[in-house]
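Residue-level listing of the chains:
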Amino acid sequence: MTTKNFWQRLIHPGEDAEPDGCFWQVDLHSHLLPGLDDGVSTPEETLTCLTQLAQWGIKKVITTPHISRDWYPNETLAIQQGLAAVRQLIAEQQLPITIDVAAEYMLDDFFLDMLKQGDMLSFGERRFLLFETGWSSAPMNLGDMVFRIQTHGYTPVLAHPERYKYYHSDKASLEHLREIGCLFQLNWMSLTGRYGSHVEKQARFLLQQHWVDFIGSDMHRPGDLEMMARLFKSGDMKLLEEQTLLNETLL
Ligand SMILES: [Fe+2]
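Let me sum up the structure you'll find in this document. Because the structure is predicted, anything quoted here is derived from the model rather than measured.

In this structure the tally under the stated criterion is 15 aromatic pairs. With centroids separated by 5.0 Å and ring planes inclined at 80 degrees, the aromatic side chains of Phe 128 and Phe 214 adopt a geometry described as edge-to-face. Separated by 86 residues along the polypeptide, Phe 128 in strand E6 (residues 128-132) and Phe 214 in strand E9 (residues 214-216) bring together distant segments of the chain. There is no split in this pair, since Phe 128 and Phe 214 are both buried.

Here it is as structure tokens:
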């Protein structure tokens, strides 16, 4: 307990003086560049999200627009332009937060072409590459894709593994992914019921296995903030503290 918290508790006995917020300082999964995907649609929404994240103790956001051939064929130039605009907003508003970009890649043919060209948006010294897979059925060749990502010099990070229904009763596939060097990024709101009870249960399973390498908000809009705030008073904070999170290596 810090000295400040000690005095707060003394002045307000019975009240929980711990402020709501994150013990990690980097968020690495979100959709906060307006108009590029299904995330925020206006600069005002971006500012609302960033302001709250800063108040919760986040110092750096690596935002990750979707990239997929069918839905969001975003190119690096457009993403960099979106980043520049948001950086200007942050400067104008003097928000105590910095922002960078990467992407959330769908594993499709578009992804493979980009991987071959070397035009990938990754983050951190280990060139972490955030990717997601389809929702309907388990990918046939995920192990092969993980290998290809690695041989191109990136560290694969599977976004929200707890959300894929086909892995809810197939823990062995998740374990295999970890064995071949694929890291896992857990969604913050998976623990607060945002995606239903099965996802929540799977999220807690991943924590209990100590299989969580990154915690990420995956926030899309200001409407997510209320669901996110529920995490701070939950018992899952303790489980999260027990993980070897890599978020802080990105500061
Ligand atoms: Fe996402």
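Still more ground to cover, so stick around.
Of the two faces of strand E2 (residues 60-63), the one holding Lys 60 and Ile 62 and the one holding Val 61 and Thr 63 are both buried throughout. Pairing geometry for strand E1 (residues 26-27) and E2, over 2 bridges, is parallel. Along E2, the bridge assignment pairs Val 26 with Lys 60. In this fold, E1 hands off to helix H2 (residues 43-55), which returns the chain to E2; that crossover is right-handed. Across 4 bridges, the pairing between E2 and strand E4 (residues 98-101) is parallel. Of the residues in E4, the one forming a bridge with Ile 62 is Asp 100.

Turning to the sheet that holds E4, a few remarks are in order. Reading across the sheet, the 3 strands line up as E1-E2-E4 and stay open at both edges, with parallel pairing between neighbours. In this open sheet, the two edge strands, each paired with only one partner strand, are E1 and E4.

Quick notes on the rules
- All residue numbers refer to position in the chain's written sequence, counted from 1.
- Reporting in this predicted model follows two pLDDT cut-offs: at least 70 for local features of residues, and 80 or more for side-chain atom pairs to be given and counted; totals over whole chains, interfaces and linings ignore these cut-offs and use all residues.
- Side-chain measures were taken over the full set of non-hydrogen atoms in the model, leaving aside hydrogen atoms and water.
- For Phe, Tyr and Trp, rings pair up if their centres lie within 6.5 Å, where Trp contributes its six-membered ring, and each pair is then called stacked (planes under 30 degrees apart), edge-to-face (over 60) or tilted (otherwise).
- For the purposes of this entry, the term helix denotes a DSSP run of H or I that reaches at least four residues, the term strand denotes a run of E that reaches at least two, and both are numbered from the N terminus.
- Each residue is assigned to one of three classes by its accessible area relative to the maximum for its type, calculated with a 1.4 Å probe on protein chains only: buried under 20%, partly exposed between the two thresholds, exposed over 50%.
- At least two DSSP bridges between two strands are required for those strands to pair.
- The handedness of a crossover follows from its direction of travel: if, with the strands pointing away from the viewer, the path from the first strand over the helix to the second runs clockwise, the crossover is right-handed.

These figures come from the coordinates and say nothing about function on their own.
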